[in-house]
Amino acid sequence: MAKSSPFIYGNTVSNIAFTNREIELDKLMSNLLGGVNTMIISPRRWGKSSLVEKVVTAINRKEKRNKTIVIDLFSVSNEQQFLETFTREVIKASSNRWQEWLGSGALFFKKLIPKINVGIDPLTDFSIGFDWKELKKHSEEVLNLPEVIAKKKGIKFIICLDEFQNIASFDDYLNFEKKMRSVWQRQKLVTYCLYGSKRHMMTDIFNNPSKPFYRFGDIMLLPKIQKEKWIGFVVKSFKESGKTISAGDAAFIPEVMKNHSWYVQQLSHYTWNLTSKTAGLLQIKAALNELIQANSPLYQKEVESISVTQLNLLKAVAVGEHQFTSTAVMQIYALGTPRNVSKNKTILINNDIIQNIDGVYEFVDPAFELWFKKQFFNQSY
Ligand SMILES: Nc1ncnc2c1ncn2[C@@H]1O[C@H](COP(=O)(O)OP(=O)(O)O)[C@@H](O)[C@H]1O
Ligand SMILES: [Mg+2]
């Protein structure tokens, strides 16, 4: 039977297609089991959600007293939705028996009266609602729910909130942020893992001494997986699926993708598909072409969504300029005034198009960069 590609992208990976991260796995595992709140920050698609999923799976397998919860805040848009989702997930994790969930309202709440709904299949169709006015007034009762349940049942909770920076878009966020912090920091039986992709927002939430979440716990800046590790992973994955690639050729994949997790997997996948027995540079180059073609509508749209001076600034970044406000650079690239430059820089950073790594500006997305250089400077890849 023909094997299918061993490379996975698009979803989180935590099992077969997962590689490396030994140090981060150990650290996160011991933090979460040891009650140390942990924040993880990296640009998107480097591997935060996968890392957390792997740790949570391992904890679920061996730690029956630690109940884990993972909530993705990507599609949670306000405080009410957050608190209702939080309540539902905490109650679901507190017991394996859905019949027990139904009684939890009377058992664990003093001020709030939750409206509980169950469908035909309670495991997938279970929701909790509150009257918004009451909820707003007594939100600390929800925020403290895991601690209350943990105490009563002799268990602990590990609560992981993905894309945590989304909370900053809630109405009245500043008050809510204060309340969360003041309730959560007193909890002894609940540990939080808060992670997100918007580096500037995450750092502002957790690393700003005037903000409530300052020093809430350990901050982990998740690095990229190194080239050598990727080469080993690609070679091994080809071999185990009945094809081959040499280490020398495989090296081209992480190199051209700058060790970006998602793109290394995607380019490996395309290469694998184009290979009948042995992959070489020919297949990798064809795969790269295919990958960039497939993504180009997206890149086109991205370019169309920014202003002319922002596009010009992006060109300067692509060429490797550093002194954007030097007179020569501003003239060559038509960047406008120094104020334009600084405003546009912020916009490109906030939109996750460029990032500042140790004082140097670079594209966040390595494949977009290749496409961009071809498009505007006719550089081949
Ligand atoms: N440890 C890993 N080993 C191999 N591939 C990984 C790893 N972590 C992430 N990836 C690849 O990167 C993609 C994005 O990972 P994800 O965990 O969703 O990133 P993030 O949460 O930071 O946006 C995954 O679909 C997978 O292809
Ligand atoms: Mg993620």
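Residues numbered from 1 in each chain as written. Chains lettered and ligands numbered in written order. Predicted model: local features only at pLDDT ≥ 70, side-chain atom pairs only at ≥ 80, totals over all residues.

1. Some details on the overall build of the protein chain
Then, number 1: Across its full length, the protein chain carries 18 helices and 11 strands.
Then, number 2: With the principal axes as the frame, the protein chain shows a C-alpha extent of 65 × 60 × 35 Å.
Then, number 3: Looking at the 381 residues of the protein chain, the share that counts as buried comes to 35%.
Then, number 4: Counting only contacts in the protein chain whose residues sit at least 6 apart along the sequence, the fraction spanning at least 24 positions is 69%. (Helix = DSSP H or I, 4+ residues; strand = E, 2+ residues; numbered from the N terminus. Buried ≥ 20, exposed ≤ 12 C-beta atoms within 10 Å, placed from the backbone. Contact = placed C-beta atoms within 7 Å.)

2. Some remarks on the domain arrangement of the protein chain
Then, number 1: Along its sequence, the protein chain is organised into domain 1 (22-221), domain 2 (227-295) and domain 3 (306-377).
Then, number 2: The C-alpha centroid of domain 3 is placed 29 Å from the C-alpha centroid of domain 2.
Then, number 3: Counting residues per element, the side of domain 2 that touches domain 3 draws most heavily on helix 14 (residues 281-304), which supplies 3 residues.
Then, number 4: Split by residue class, the side of domain 2 that touches domain 3 holds 4 nonpolar, 2 polar and 1 charged. (Domains from an automatic or database assignment. Nonpolar A, V, L, I, M, F, W, Y, C, P; charged D, E, K, R; others polar.)

3. A closer look at the site of ligand 1
Then, number 1: Contacts to ligand 1 come from 23 residues, most closely from Gly-47, Ser-49, Ser-50, Ser-261 and Gln-265.
Then, number 2: Secondary structure elements with two or more residues in the shell around ligand 1: helix 2 (48-62) and helix 13 (261-273).
Then, number 3: When its residues are assigned to classes, the shell around ligand 1 shows 7 nonpolar, 12 polar and 4 charged.
Then, number 4: Two domains each put at least three residues into the shell around ligand 1: domain 1 (22-221) and domain 2 (227-295). (Near = placed C-beta within 6 Å.)

4. A look at the sheet that holds strand 5 (residues 156-162)
Then, number 1: On the basis of which strands lie adjacent, the open sheet formed by 5 strands has the order 2-5-6-1-7 and parallel pairing. The open sheet is flanked by strand 2 (66-72) and strand 7 (218-221), the only strands paired with a single partner. For this sheet, the mean inter-axis angle between neighbouring strands, taken without regard to orientation, is 15 degrees.
Then, number 2: Along the sheet, helix 2 makes contact with strand 1 (38-41), strand 2, strand 5 and strand 6 (190-196), crossing strand 2 at roughly 155 degrees.
Then, number 3: Seen against the sheet, helix 3 (residues 79-94) touches strand 2 and strand 5 and runs at an angle of roughly 150 degrees to strand 2. (Pairing = 2+ DSSP bridges. Axes fitted to C-alpha atoms, helices over the stretch in contact; angles between N-to-C directions.)

5. Thoughts on the packing of helix 15 (residues 308-319) against helix 17 (residues 338-350)
Then, number 1: Remark: helix 15 packs on helix 17, axes separated minimally by 10 Å, with the N-to-C direction vectors making an angle of 80 degrees. Our classification of the angle between helix 15 and helix 17 gives roughly perpendicular. Between helix 15 and helix 17, the residues in contact are Thr-309, Gln-310, Leu-313 and Leu-314 and Asn-340, Val-341, Asn-344, Lys-345, Ile-347 and Leu-348, respectively.
Then, number 2: Along the lines of polarity and charge, the residues of the contact of helix 15 with helix 17 split into 5 nonpolar, 4 polar and 1 charged. (Parallel < 35°, antiparallel > 145°, perpendicular 65-115°, else oblique.)

6. Observations concerning the packing of helix 13 against helix 14
Then, number 1: Following both chains from N to C, one finds helix 13 and helix 14 inclined at 120 degrees, their axes separated by 8 Å at the closest point. Taken together, the axes of helix 13 and helix 14 are oblique relative to one another. Here helix 13 runs over helix 14; the crossing is right-handed. Contacts between helix 13 and helix 14 involve Gln-266, Leu-267, Tyr-270 and Thr-271 from the first element and Gln-283, Ile-284, Ala-287, Leu-288, Glu-290 and Leu-291 from the second.
Then, number 2: Residue classes in the contact of helix 13 with helix 14 are distributed as 6 nonpolar, 3 polar and 1 charged. (Left-handed = near helix turned anticlockwise from the far one by under 90°.)

7. Focus on the nonpolar core
Then, number 1: Ile-159, Cys-160 and Cys-193 are the most contacted members of the largest nonpolar core, which has 44 residues in total.
Then, number 2: Beyond its immediate sequence surroundings of up to four residues, Cys-160 is in contact with Val-52, Val-56, Ile-69, Val-70 and Cys-193. (Core = buried A, V, L, I, M, F, W, Y, C linked by C-beta atoms within 7 Å.)

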